[in-house]
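Spelled out, the chains give:
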Amino acid sequence: MNQLTYTLQIADNALILGHRISEWCGHGPILEQDIAITNTSLDHLGQARSLYQHAADMFNALPAEEKKTLFVSAALQAKIAKDEKIDEDDLAYLRDGWDFRNVLLTEQPNKDWGYTVVRSFFYDAYNFYFYTELQKSKDTVLAAIAEKSLKEVTYHLRWSSEWMIRLGDGTAESKARMQEAVNHNWAYTGELFEMTTADKEMLAAGMGVDLNAIKTQWQKRVDAVLEEATLSIPANAWMHSGGKEGRHSEHLGYILTELQFMQRAYPDMEW
Amino acid sequence: MNQFINKNLYGDYGDKEQATGASGTHNTANEWPLWEVFIRSKAGLDHKHAGSLHAADAKMAVENARDVYTRRMEGVSIWVVESKYVHASDPFEAASMYEPANDKVYRHPTFYNLPDELTHM
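These numbers come from a predicted model, not from an experiment.

**Student:** Is there a simple way to think about the packing of aromatic side chains in this case?
**Tutor:** Aromatic ring pairs are defined here through the distance separating the ring centres and the angle between the ring planes. All names here are of chain A. Counting across every chain of the model gives 16 aromatic pairs over all chains. Geometrically, the ring pair formed by Phe121 and Phe122 is tilted, given 6.0 Å between the ring centres and 45° between the ring planes. Residue classification places Phe122 among the buried residues on the basis of a relative accessible area of 0%. Geometrically, the ring pair formed by Tyr126 and Phe130 is stacked, given 5.5 Å between the ring centres and 20° between the ring planes. Highlighted residues: Tyr126 and Phe130, both in helix H7 (residues 113-134), separated by 4 residues, approximately one helical turn. You'll find Tyr126 and Phe130 in the same group, each marked buried. Among the aromatic residues, those joined into a ring-pair cluster are Tyr6, Phe121, Phe122, Tyr123, Tyr126, Phe130, Tyr131, Trp186, Phe193 and Trp218. Over the ring of Phe128 we find Arg221; its NZ or CZ atom is 5.6 Å from the centre of that ring.

In structure tokens, the structure reads:
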């Protein structure tokens, strides 16, 4: 059960951030970056798919009674009641907001290129160290997904670090707007390293990642890039949390409305 | 802020900037320069011209090239060069430049038999 919850935490981060980034498709500041950010979005969606497949396999293997307790969504409960197997699409399209376990950072609005870059940078730096460690997981499927994803994430981090520096150490206006974006997104970074029950149990079982350990590496990387970008970390240390437990900001509702519309309006539609 | 859209024909680089001088107020002054991209599809082959793109500097040009031109596994190596550094022959001089070679068939290695194992010739 913890293994399933843990996999969903990772998968939901990938899906929600991937969807957020995909909102730039056709709206990028220039053609080349439109393509670049859409590529990244597809990387995240690809990772989400693999993770949801893994989660669905674990879910389908659960005893019938346990299945009923996991998700609130009526649409999913209906499938479970009919004793149907679920798949990756069901997990993406049929769960409700409180079933999602992504961190609040990933659901923050794009707002502008600066906010988008800062959000990606904080997450990419986390994701890089997270997947590096997850490669050692005793869950061989998670380890394999981590190994494959790390190549993509390494490039994501390179891309977002570069934009942090380019705009932070850019013009007076770009710097001011990047600092504003850092100040806003900073309060959502604490949650990245919060250990839920699933995190703790998976770590104890040799399948999860010690988030406290990667926090040090993350902090070091963030400090280095921010220094080069001539940006500063806000003094206010108060942090939001709740996403990993299913308590989300209003933004997630809007994301799911768009993301899930087709499957909710036309159940089991294929194209 | 309404400087983002302007007509940009292939090969236009340089001309507009020149017309207005380095500190000109023409709307291309804020545009990123154009770069030519060369991709090597596999080790051992040569880099081939893949297309062009806009980027603020060489580093960004390589990264943009990665995203624009190697998404479908087209390459293992990228070269970029700012388009203004490419010097071209004048199309109006094509007759005098190239036609004299037309009747010099003896310059072609057509009289050799190539072994079948030889590729990329």
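**Student:** Even after reading the chapter, I still don't get unusual backbone geometry, so can you show me in this structure?
**Tutor:** Residue and element names in this part refer to chain A. The backbone of Lys111 sits at a positive phi, close to 55°, despite the residue not being glycine. Within the secondary structure, Lys111 sits in the loop between helix H6 (104-107) and H7. Taking the relative accessible area as the measure of exposure, Lys111 reaches 59% and is therefore exposed. Despite not being glycine, Asp268 shows a phi value in the positive range, around 65°. As for its position among the elements, Asp268 is in the segment after helix H12 (250-265). For Asp268, a relative accessible area of 55% corresponds to the exposed category.

**Student:** Before we go on, may I ask you to explain the layout of surface pockets in this structure?
**Tutor:** Any empty space left between atoms is shown by rolling a water-sized probe over those atoms. Residue and element names in this part refer to chain A. The volume enclosed by the second largest pocket comes to roughly 530 Å³. The wall of the second largest pocket is formed by 15 residues, among which Tyr93, Met262, Gln263, Met269 and Trp271 lie closest to the centre. Among the secondary structure elements, those contributing two or more residues to the lining of the second largest pocket are helix H5 (88-93) and H12. Taken together, the residues of the lining of the second largest pocket sort by class into 7 nonpolar, 1 polar and 7 charged.

**Student:** Explain the pattern of salt bridges here, please?
**Tutor:** It is possible for side chains bearing opposite charge to pair when their charged atoms get close. Residues and elements named next belong to chain A. All told, the structure shown has 21 salt bridges over all chains when counted by the stated rule. Among the salt bridges present, the one from Asp268 reaches Lys79, with a minimum N-O distance of 3.6 Å. Here Asp268, found in the segment after H12, pairs with Lys79, found in helix H4 (residues 74-81); they are 189 residues apart in sequence, far enough to count as distant. A salt bridge links Lys82 to Glu84; its shortest N-O distance comes to 3.5 Å. When salt bridges with common partners are traced through the structure, they connect Lys79, Lys82, Glu84, Asp90 and Asp268 into a single cluster.

**Student:** Sorry, what's going on with the nonpolar core here?
**Tutor:** Proteins that are soluble and globular tend to have nonpolar side chains buried together. Residue and element names in this part refer to chain A. Judged by nonpolar contacts, the single largest core of 94 residues is most densely connected at Phe130, Met164 and Trp218. Counting residues per element, this core draws most heavily on H7, at 14 residues. Excluding residues that lie within four positions of it along the chain, Phe130 makes contacts with Tyr6, Ile10, Val209, Leu211 and Ile214.

**Student:** Would you explain the side chain of A:Glu88 in this entry?
**Tutor:** Residues and elements named next belong to chain A. In this structure, Glu88 sits in helix H5. Looking at Glu88, its side chain comes within polar contact range of the side chain of Arg49, at 2.5 Å. A polar atom in the side chain of Glu88 sits 3.0 Å from the side chain of Gln53. The residues contacting Glu88, other than those within four sequence positions of it, are Arg49, Tyr52, Gln53 and Ala56.

**Student:** What am I meant to see in empty space enclosed by the protein here?
**Tutor:** Residues and elements named next belong to chain A. All chains considered together, the criterion is met by 3 cavities of 30 Å³ or more. Reported here for the largest cavity is a volume of approximately 80 Å³. Lining the largest cavity, in full, are Tyr6, Gln9, Ile10, Asn13, Tyr123, Tyr126, Asn127, Phe130, Asp199, Leu211 and Lys244. For the lining of the largest cavity, the secondary-structure elements that each account for two or more residues are helix H1 (2-22) and H7. Looking at side-chain class alone, the lining of the largest cavity contains 6 nonpolar, 3 polar and 2 charged residues. Here the second largest cavity defines a volume of roughly 40 Å³. Taken together, Ile21, Ile37, Thr40, His44, Ser120, Asp124, His156 and Trp159 form the lining of the second largest cavity.

**Student:** What's the story with the interface of chain B and chain A in this structure? I'm lost.
**Tutor:** It is common to give the size of an interface as the accessible area that goes away when the parts come together. Taken together, the 13 residues of chain B in the interface contact 11 residues of chain A. Across the interface of chain B and chain A, roughly 1300 Å² is buried in total on both sides, 50% from carbon and sulfur atoms. Of all residues in chain B, the largest losses of buried area upon contact with chain A belong to B:Glu63, B:Arg66 and B:Asp67, amounting jointly to 40% of the total for that side. One can count 3 salt bridges joining chain B with chain A. For A:Arg166, the salt bridge goes to B:Asp57, with nearest N and O atoms at 3.0 Å. For the interface between chain B and chain A, the tally reads 8 residue pairs in polar contact (both at pLDDT 80 or more). Looking at the side of chain B that touches chain A, the elements that each hand over two or more residues are strand E2 (48-54) and helix H2 (58-69) of chain B. Broken down by element, the side of chain B that touches chain A gets its largest block of residues, 7 residues, from H2(B). Per-class residue counts for the side of chain B that touches chain A are 5 nonpolar, 2 polar and 6 charged.

**Student:** Mind showing me how you'd approach a negative patch on the surface here?
**Tutor:** On the surface, a cluster of negative charge is made up of A:Asp169, A:Asp223, A:Glu227 and A:Glu228. Among the secondary structure elements, A:Glu227 is positioned in helix H11 (residues 211-228).

Conventions used here
Residues numbered from 1 in each chain as written. Chains lettered and ligands numbered in written order. Predicted model: local features only at pLDDT ≥ 70, side-chain atom pairs only at ≥ 80, totals over all residues. Heavy atoms only, no water. Phe/Tyr/Trp six-rings, centres within 6.5 Å; stacked < 30°, edge-to-face > 60°. Buried < 20%, exposed > 50% of the residue type's maximum accessible area, 1.4 Å probe, protein only. Helix = DSSP H or I, 4+ residues; strand = E, 2+ residues; numbered from the N terminus. Lys NZ or Arg CZ within 6 Å of the ring centre and 35° of its normal. 1 Å grid on protein atoms, 1.4 Å probe; cavity = no way out; pocket = protein on both sides within 12 Å on 5 of 7 lines; lining within 4 Å. Points joined across faces, edges and corners; volume = space filled by probe spheres on them. Nonpolar A, V, L, I, M, F, W, Y, C, P; charged D, E, K, R; others polar. Salt bridge = Lys/Arg side-chain N within 4 Å of Asp/Glu carboxyl O. Core = buried A, V, L, I, M, F, W, Y, C linked by side-chain atoms within 4.5 Å. Contact = heavy atoms within 4.5 Å. Polar contact = N/O pair within 3.5 Å; in protein donor to acceptor, adjacent residues only side chain to side chain. Buried area = accessible area lost by both parts, 1.4 Å probe. Patch = residues over 30% accessible without salt bridge, like charges linked within 9 Å, V, L, I, M, F, W, Y side chains within 5 Å. Areas by Shrake-Rupley, 256 points an atom, 1.4 Å probe, with all protein chains shown as cover. Lys, Arg positive; Asp, Glu negative; His and termini not counted. Charge placed at Lys NZ, Arg CZ, Asp CG, Glu CD.

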